[in-house]
Amino acid sequence: MHALAARKAKCNVVGAIGLVENMPDGKAQRPGDIEGWSLLGRGYLALGVPAQAAKAFQHAVEVSKTENGGAPPQLLSSYGEALAEMEGQVSKEAEAAFREALAEDPKDLTARYYMGFAYMARNDRDQALQTWEGLLADAPPDVPWRGTLVDQVALLKSQTGGGPPNPQAMVA
């Protein structure tokens, strides 16, 4: 069974790579297709090519702002995430995208997650801790980054002399 699962996983990855590689031809024919550019960005991000993802999301954001007068928070967060992953940190441009997303949707999970790292980079540990503890309380229990976030909160609490992490928030 493991061999079959491994072959299926390999086929899915190969299929995803082929899909993403073939998408640029279609996007040239429909440069105003916000959903197409977003899908391309998500594909590149999933494949670990954040620079290409950032370009695709940037185009989607620009088109959305031109056509709709603004961009949806989720699109802005995806753009910020691609920038942060590409640069290995939350740059000013990524932070601006996250702040814009949070202005529209203060509960945006992705924006809040990365904003915690932006606060940490500025040594604003109290704000990072407040952001991440709120995020832990609001996030579904099965998000893939929960373990990383719990570790970050525990580290921050140990550095700031705070109490132990709140187990309720960790397993909620």
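Residues numbered from 1 in each chain as written. Predicted model: local features only at pLDDT ≥ 70, side-chain atom pairs only at ≥ 80, totals over all residues. Heavy atoms only, no water.

**Describing the overall build of the protein chain**
A tally of regular secondary structure across the protein chain gives 9 helices and 0 strands. Counted from the first residue to the last, the protein chain has its helices and strands arranged as α-α-α-α-α-α-α-α-α. Looking at the 172 residues of the protein chain, the share that counts as buried comes to 37%. (Helix = DSSP H or I, 4+ residues; strand = E, 2+ residues; numbered from the N terminus. Buried < 20%, exposed > 50% of the residue type's maximum accessible area, 1.4 Å probe, protein only.)

**Considerations on the packing of aromatic side chains**
Taken as a whole and judged by the stated rule, the model has 5 aromatic pairs. Centre to centre, the rings of Phe98 and Tyr114 are 5.2 Å apart; their planes meet at 5 degrees, and the pair counts as stacked. Of the two residues, Phe98 sits in helix α5 (residues 92–104) while Tyr114 sits in helix α6 (residues 109–121), which places them 16 residues apart along the sequence. The same class applies to Phe98 and to Tyr114, which are both buried. With a centroid separation of 5.1 Å and 35 degrees between ring planes, the pair formed by Tyr113 and Trp145 is classed as tilted. You can see Tyr113 sitting in helix α6 and its partner Trp145 sitting in the loop between α7 (125–138) and α8 (146–160), a full 32 residues away along the chain. Clustering of aromatic rings is evident, with ring pairs tying together Phe98, Tyr113, Tyr114, Phe117, Trp132 and Trp145. (Phe/Tyr/Trp six-rings, centres within 6.5 Å; stacked < 30°, edge-to-face > 60°.)

**Here's the deal with the nonpolar core**
With 42 residues, the main nonpolar core has Leu75, Val90, Phe98, Trp132, Trp145 and Leu149 as its most contacted residues. Mapped onto this core, the elements with two or more residues apiece are α2 (34–46), α3 (50–68), α4 (73–87), α5, α6, α7 and α8. Apart from residues no more than four positions distant in its own chain, Phe98 is found in contact with Ser77, Gly80, Glu81, Val90, Thr110, Ala111, Tyr114 and Met115. (Core = buried A, V, L, I, M, F, W, Y, C linked by side-chain atoms within 4.5 Å. Contact = heavy atoms within 4.5 Å.)

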